[in-house]
Amino acid sequence: MKEKPFTIKHVLDIASLSPDQITYILDTAESFKEISTRSIKKVPTLRGKTVINLFFEPSTRTRASFEIAAKRLSADTLSISASTSSVVKGETLIDTARNLEAMQPDVIVLRHSLSGAPHLLSRHVRASVINAGDGAHEHPTQALLDLLTVREKKGKIKGLKLAIMGDITHSRVAHSNILGFTKMGANVVVSGPATMIPPYIEKLGAKVTLSIKEAVQGADVIMALRIQLERQNKLSFPSIREYATYFGLNTQHLALAASDAIVMHPGPINRGVEISPELADGPHSVILDQVTNGVAVRMALLYLLLGSETRMSHGDTKKDENNPPSPPFSKGGNPLSPPLEKGDTGGFSGKSQ
Ligand code: CP
């Protein structure tokens, strides 16, 4: 009996993804990485498709990598900032999206300051919606690229100790990563100022400690978070200087972690505040690897969302500068494989291959 196809229409949060779906996305992303190492970094997979990046908050990494991911798959892309759109004239999110949809995009990537904005949008448009960060709620594609980076560097996720440090309350990255890493079998510990750790966090599956030293002790992965000043009416701590002194991560903390621990940060970094430059730029840092993996994860998601209709039409899987990479998938499960026979799911089962 054929397995159920991978049928995700939107990527709104990690909460609604199963471990099998996450593994499938990571496997697909891994297979896309090779394209970005070629001299001609482009395959025709999404030719004729249109991706709109609709960003109501600033972004460097997420916006650029969605745009690069779409371009490397030959999709047409358009990036819109709220500050230079008719939003400043009073147009609502839904009206903006419906007007953009009148131009027939296939995917809308949305970043918004309000939690739940992508979920709302997904109920009003025909296009697929990807959450590129909604308020303090979730940042699912960041968690997926973090999971890919850890799996790549450590060879596994299950059983690892991940310490997430800093402003947990306001961090959509923390929320998505707690959900994602616990689903994949990691032990997640969070630490930071008591005023920045919400009471519900243990319900998401993380252990809480107010001792930074206890959190990093034996950790395989240390993840620092930016203080989200833009989401606070007033500081949750006396001063930035005091925060850096008591909660900033440095090489002394790294010395308590596993000898092969990796140091992560979603960016942007406040150097010398939540992380010291020595740690951010040191040999244990994988911060720029996270950024590289962000392109592969977003290529995989664009591909998977656009589904079977995006299968390559030229039917040639030979590896060269004009064609996609060799698949890690079993027959029919390659996301870049030729068109499928009617009724064939192409291995889009949501199961790891
Ligand atoms: N990590 C992240 O979301 O960075 P940007 O805000 O620059 O997109």
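Going by the structure above, here's the rest.
Residues numbered from 1 in each chain as written. Predicted model: local features only at pLDDT ≥ 70, side-chain atom pairs only at ≥ 80, totals over all residues. Heavy atoms only, no water.

## A few points about the site of the ligand
Just so we agree on the cut-off: Nearness is judged by heavy atoms alone; a residue qualifies as near a molecule or strand once a single heavy atom is within 4 Å of it. Polar contacts, as counted here, are pairs of nitrogen or oxygen atoms within 3.5 Å of one another; within protein the pair requires one atom able to donate a hydrogen and one able to accept it, and residues that are adjacent in sequence qualify only if both atoms are side-chain atoms. Accessibility throughout is a Shrake-Rupley quantity obtained with a 1.4 Å probe, and a residue counts as covered only by protein chains that appear here. Put simply, Ala, Val, Leu, Ile, Met, Phe, Trp, Tyr, Cys and Pro go in the nonpolar bin, Asp, Glu, Lys and Arg in the charged bin, and everything else, Gly too, in the polar bin. Where each domain begins and ends follows an automated or database-derived domain assignment.
Neighbouring residues of the ligand: Ser59, Thr60, Arg61, Thr62, Arg111, His139, Gln142, Pro266 and Gly267. For the ligand, an oxygen atom lies 2.8 Å from a polar atom in the backbone of Thr60. Protein contacts shield 92% of the accessible area of the ligand, which totals 260 Å² for the unbound molecule. Taken together, the residues that form the shell around the ligand break down as one nonpolar, six polar and two charged. Each of domain 1 (10-138 + 291-308) and domain 2 (140-290) gives at least three residues to the shell around the ligand.

## Looking at helix H2 (residues 61-72)
For an α-helix the count is 3.6 residues per turn, leaving residues at separations of three or four pointing the same way. Formally: Numbering of helices and strands starts at the N terminus; helices are DSSP runs of H or I of at least 4 residues and strands are runs of E of at least 2. Take the residue count of a helix, subtract one, and multiply by 1.5 Å to get its expected span. Burial classes follow relative accessibility: with a 1.4 Å probe on protein chains only, a residue under 20% of its type's maximum area counts as buried, one over 50% as exposed, and anything between as partly exposed. As used here, the arc belongs to the directions running from the helix axis to the C-beta atoms. The contact criterion used is simple: two residues touch if any of their non-hydrogen atoms lie within 4.5 Å.
Here H2 contains twelve residues, and its C-alpha end-to-end distance of 16 Å stays within 8% of the 16 Å for a straight helix at 1.5 Å per residue. Within H2 the residues assigned to the buried category are Thr62, Ser65, Phe66, Ala69, Ala70 and Arg72. The arc that holds the buried residues of H2, viewed along the axis, is 165°, so those residues lie on one side. As for H2, its buried residues are in contact with strand E1 (50-55), strand E2 (76-81), strand E3 (107-112), strand E4 (128-134), helix H5 (140-154) and helix H11 (287-306). Within two residues after H2, Ser74 carries a phi angle of roughly 70°, on the positive side.

## Some remarks on the pattern of salt bridges
Condition: By definition, a salt bridge exists where a carboxyl oxygen of Asp or Glu is found within 4 Å of a side-chain nitrogen of Lys or Arg.
Enumeration according to the criterion identifies eleven salt bridges in this entry. The shortest N-O distance in the salt bridge between Arg151 and Glu30 comes to 3.0 Å. Within this pair, whereas Arg151 is found in helix H5, its partner Glu30 is found in helix H1 (residues 19-32), the two being separated by 121 residues in sequence. Overall, the relative accessible area of 18% leaves Arg151 in the buried class.

## Looking at the packing of aromatic side chains
The following threshold applies: Geometry of aromatic contacts follows a simple scheme: Phe, Tyr and Trp rings, the Trp one being its six-membered ring, pair when their centres are within 6.5 Å, and the pair is stacked under 30 degrees between planes, edge-to-face over 60, tilted otherwise.
According to the stated counting rule, one finds two aromatic pairs in the structure shown. When the centroid spacing of 5.9 Å and the interplanar angle of 50° are considered together, the rings of Phe32 and Tyr303 count as tilted. With Phe32 in helix H1 and Tyr303 in helix H11, the pair connects residues that are 271 residues apart, well separated along the chain. Each member of the pair, Phe32 as well as Tyr303, is classed as buried. Relative to Phe247, the ring of Tyr243 has its centre 5.5 Å away and its plane inclined at 40°; by these criteria the two rings are tilted. Remark: Phe247 and Tyr243 occur in helix H8 (residues 240-247); sequence separation between them is four residues, near one turn of the helix.

## Section: the packing of H2 against H11
Spelled out, the test is: Axes here refer to lines fitted to C-alpha atoms; in helices the fit is confined to the stretch in contact. Angles between the N-to-C directions go from 0 to 180 degrees. Throughout this description, any angle smaller than 35 degrees is read as roughly parallel, any larger than 145 degrees as roughly antiparallel, any in the 65 to 115 degree range as roughly perpendicular, and the remainder as oblique. Handedness of a helix crossing follows the sense of rotation of the near helix relative to the far helix, less than a right angle counterclockwise being left-handed and clockwise being right-handed.
One can describe the packing of H2 onto H11 by two numbers: an axis separation of 8 Å at closest approach and a directional angle of 55°. Of the possible angle classes, the one that applies to H2 and H11 is oblique. For the element pair H2 and H11, the recorded crossing hand is right-handed. Contacts between H2 and H11 involve Arg61, Thr62, Ser65, Phe66, Ile68, Ala69, Ala70 and Arg72 from the first element and Val291, Gly294, Val295, Arg298, Met299 and Leu302 from the second. Its residues placed into classes, the contact of H2 with H11 shows eight nonpolar, three polar and three charged.

## Some points on the sheet that holds strand E6 (residues 187-191)
Condition: A pair of strands is labelled paired if DSSP reports no fewer than 2 bridges between them.
A sheet is described by the order of its strands in space; here five strands give the open sequence E7-E6-E5-E8-E9, paired in parallel fashion. What marks the edges here is a single partner per strand, and that holds for strand E7 (207-208) and strand E9 (262-264). As defined by bridge partners, strand E5 (residues 161-165) adjoins strand E8 (residues 221-224) across four bridges and the pair is classed as parallel. Bridge pairing links Ala163 to Ile222 in E8.

## Examining the sheet that holds E3
One open sheet holds the four strands; their spatial order is E2-E1-E3-E4, and the pairing between them is parallel. Single-partner strands in this sheet number two, and they are E2 and E4. The sheet shows a mean angle of 15° between the axes of neighbouring strands, direction not considered. Bridging between E3 and E4 involves five bridges; their strand directions are parallel. Across the sheet, residue Val107 finds its bridge partner in E4, namely Ser128. The strands that helix H3 (residues 93-101) touches are E1, E2 and E3; relative to E1, the one it contacts most, it runs at about 160°.

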